[in-house]
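Next come the chains, spelled out residue by residue.
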Amino acid sequence: MLYQVALDAFHGPLDLLLYLVKRNEVDVRDIPIARIAEQFLDHLHAIQTIDVEWAGDFLVMAATLMEIKSKLLLPRTEGDATSEEGDDPRKELVRQLIEYRKTKEAAGHLDRLAEERQFQVGRIPPDDPEGATSPRLRQVELWDLVSAFGRLMRETQSLQPLHVVADETPQSAYLDLVRDKVHGGHRVPFRALFDPPYTRPRLIGVFLAVLELIKLAEIILEQWEPFGDIWVACLPNTSVV
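Scoring rules and cut-offs
- Residues numbered from 1 in each chain as written.
- Predicted model: local features only at pLDDT ≥ 70, side-chain atom pairs only at ≥ 80, totals over all residues.
- Heavy atoms only, no water.
- Helix = DSSP H or I, 4+ residues; strand = E, 2+ residues; numbered from the N terminus.
- Contact = heavy atoms within 4.5 Å.
- Buried < 20%, exposed > 50% of the residue type's maximum accessible area, 1.4 Å probe, protein only.

> Is there a simple way to think about the environment of Phe40 in this case?
With respect to the helices, strands and loops of the structure, Phe40 is situated in helix α2 (residues 33–50). Non-local contacts of Phe40, meaning those with residues more than four positions away in its chain, are made with Pro13, Leu16, Leu17, Leu20, Phe58, Met61, Ala62 and Leu65.

> What should I look at first to understand helix α1 (residues 13–23) in this one?
Burial runs high along α1: nine of the eleven residues are buried. For α1, the complete set of buried residues consists of Pro13, Leu14, Asp15, Leu16, Leu17, Leu18, Tyr19, Leu20 and Val21. After α1 finishes, the residue Glu25 shows a positive phi value of roughly 55°.

> Is there a simple way to think about the environment of Leu97 in this case?
With respect to the element layout, Leu97 can be found in helix α5 (residues 91–117). By relative accessible area, which is 0% here, Leu97 ends up buried. When the C-alpha positions of Leu97 and Leu17 are compared, they lie 8.1 Å apart, and in sequence the two are 80 residues distant. Ignoring any residue separated from it by four or fewer positions in sequence, one finds Leu97 in contact with Leu14, Leu17, Leu18, Val21, Val28 and Ile31.

Have a look at this one:
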């Protein structure tokens, strides 16, 4: 199974799988496939809602997890028990996941070094007097946000009648909507960014606006406790109008 590692943004299926392993506090070398596969499929549903093309690689991983799950359910003969470790269908996936984790940890170490470098003052002042830095998701991972969005979609869509809505709202309008919510330094829950009508195009538009404003260094996400509410606020020294 082929996989890709993007050093600037770990947003692939292996990243989601590693996130689930960490969240469930299990050993990466002994993955509980049934539990992880179920949670992976929950996230996949939210990903398909946001972008069907983006979900392609995740569908491949989901199929791989289901194949491994089916192999683990097959009965083993007495002769197979002696070679259980060598024939473990999880072996190749675990190897890739460990390599991916090493790459991600190395990239994280480089990020920390870059952050420490920001506090060193050179003899010649930098060209940018404000010393602006790019935003980084510290306490909240992308998959936390996707998971929260998936729950929101399930709850709100179940309350709406089934009908097709044509939404021609420009994305800039959703950017302004989120900016207005956090205007003046207000910290608001992630869920509060979404107002009725809870149509799919509107929900996706607001969610993509949040991701864009993070990229533009205008807002930051915070989570005060594991699995708690996600809060959205302006970044310090950022003027949101």
